[in-house]
Each structure stands twice: as C-alpha cells, then as structure tokens.
Amino acid sequence: MTAQARRRGRDETEEERADRMWGELLQEVRVTQMGVQILFGFLLTVVFTAKYDTLTDTDQTIYIVTVVLGAAATGALIGPVSLHRLVSGRRIKPQAVAWASKMTFVGLFLLLGTMSGSLLLILRVATHDWFVPLLVAAVVVWYVLCWFLLPLWARHRAVE
C-alpha cells in the first residue's frame, strides 16, 4: 500500500497521524479507566464487609475471579499511559500507538469479564432466582454487541 493510499482522506504525515491517533486513544482510555477504577475500588471493599463471610463458596469464588479480572483490566487500561511515558521521545510513536491500542482492546475484554462477574455476584446475592444467569448473559450479549460487534460491523462497512 502506498503512503498516499494510507492517508485515506487526511493530509497528514505518518507522525501526524500517530499523534492524532494517540490523542484519540488516550481520550478513549480516560473514559474506560475511570469506570474500571471505580468498579475495582468498590470490589476491593466488599471483602471487608460483614456480608462477605455469609457468601457461599461459589459466590466467594465469583468475587475472587472478578477482583483479579478487575486488577488485570486496570493494568491493561493504565498500561498505555506508562508506555507513552517510557517511550516518549524515542521516535516510535506509530508502534507505541499500535501497542497501546492492543492493551486497550485487551483491557476492554477484561472489563467485560469484571462487569459480568460483578453483575453475576450482585444478582446472586440480591436474588436467588433461576433467571440470574440468563439476565447476566443478556447483559454480556449487550456489551459484546455495543463494544465489539457494532464497531466491527461499522469497520467492515467502511471497507466496502
């Protein structure tokens, strides 16, 4: 692919494109970081409540898995900031944008797991009804649709 074909309607150099994409990526990460950090902080407090000792072994396992997923999501979504700081000025911004984008994508999957586990735990504690797994599955499908399938569909349509 030629440099002209890669520009796709913008009159910018590869470095200018990397700068723009980096700014856009950081703005996206700011939104997800705030949510995952609040959720993770909330999860960390649950173990210190009196209710935690009354949870079943299954619910405690769900909690532990969810906390680990939250920690991993936090790491993946804060990772681009550290990456930028450590490689800044090294003239590798296009590669750094690609690496940070991959970390963000992984972070979104981990956030999906964290939110799903949190919802499952909360609904299991709030109600012991049979429909809880179905409700959580429906929410997971909604997240996958909004976060991955619709954007991939839009990306595919733009290529045609």
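Small disclaimer: the values here were computed from a predicted structure and weren't measured. Sequence order sets the numbering: in each chain, residues are counted from 1 along the sequence as written. Confidence filtering applies because this is a predicted model: local features only for residues at pLDDT of at least 70, side-chain atom pairs given and counted only at 80 or more, and all residues used for totals across whole chains, interfaces and linings. Each side-chain value is derived from all of the structure's non-hydrogen atoms; neither hydrogens nor water enter the calculation.

## Focus on helix α2 (residues 14–46)
Here is step 1 of the chain: The numbering of helices and of strands both runs from the N terminus, where a helix is a DSSP run of H or I of at least 4 residues and a strand a run of E of at least 2. A helix's residues, less one, multiplied by 1.5 Å, set its expected span. Between the first and last C-alpha of α2 there are 47 Å, a value that for 33 residues agrees with the 48 Å anticipated at 1.5 Å per step.
Here is step 2 of the chain: Along α2, the positions that sit buried rather than exposed are Ala-18, Trp-22, Leu-25, Leu-26, Val-29, Thr-32, Gln-33, Val-36, Leu-39, Phe-40, Leu-43 and Val-46.
Here is step 3 of the chain: By definition in these notes, contact holds between two residues if any of their heavy atoms fall within 4.5 Å. Residues of α2 that are buried make contact with α3 (57–87) and α4 (93–126). Think of it in three bands: with a 1.4 Å probe and only protein chains considered, a residue is buried below 20% of the maximum accessible area for its type, exposed above 50%, and partly exposed in between.

## What about unusual backbone geometry?
Here is step 1 of the chain: Unlike most non-glycine residues, Arg-91 shows phi in positive territory, near 60°.
Here is step 2 of the chain: With respect to the helices and strands, the residue Arg-91 is situated in the loop between α3 and α4.
Here is step 3 of the chain: Residue classification places Arg-91 among the exposed residues on the basis of a relative accessible area of 78%.

## Some remarks on the packing of aromatic side chains
Here is step 1 of the chain: Two rings from Phe, Tyr or Trp (for Trp, the six-membered ring) form a pair when their centres sit within 6.5 Å of each other. Planes less than 30 degrees apart are called stacked, planes more than 60 degrees apart edge-to-face, and all others tilted. Under the defined criterion, the tally for this structure stands at seven aromatic pairs.
Here is step 2 of the chain: Pairing Trp-130 with Phe-131 gives two aromatic rings, centres 6.1 Å apart and planes at 90°, and the pair type is edge-to-face.
Here is step 3 of the chain: Residue classification places Trp-130 among the exposed positions, given a relative accessible area of 68%.
Here is step 4 of the chain: By relative accessible area, Phe-131 is classed as partly exposed at 31%.
Here is step 5 of the chain: Taking the centre distance of 4.9 Å and the plane angle of 15° together, the rings of Tyr-143 and Trp-147 count as stacked. Linking Tyr-143 with Trp-147, this pair stays in helix α5 (residues 132–159), spanning four residues, or about one helical turn.
Here is step 6 of the chain: Judged by relative accessible area, Trp-147 falls into the partly exposed class, the value being 26%.
Here is step 7 of the chain: One aromatic cluster in this structure is built from Phe-105, Phe-109, Tyr-143, Trp-147 and Phe-148.

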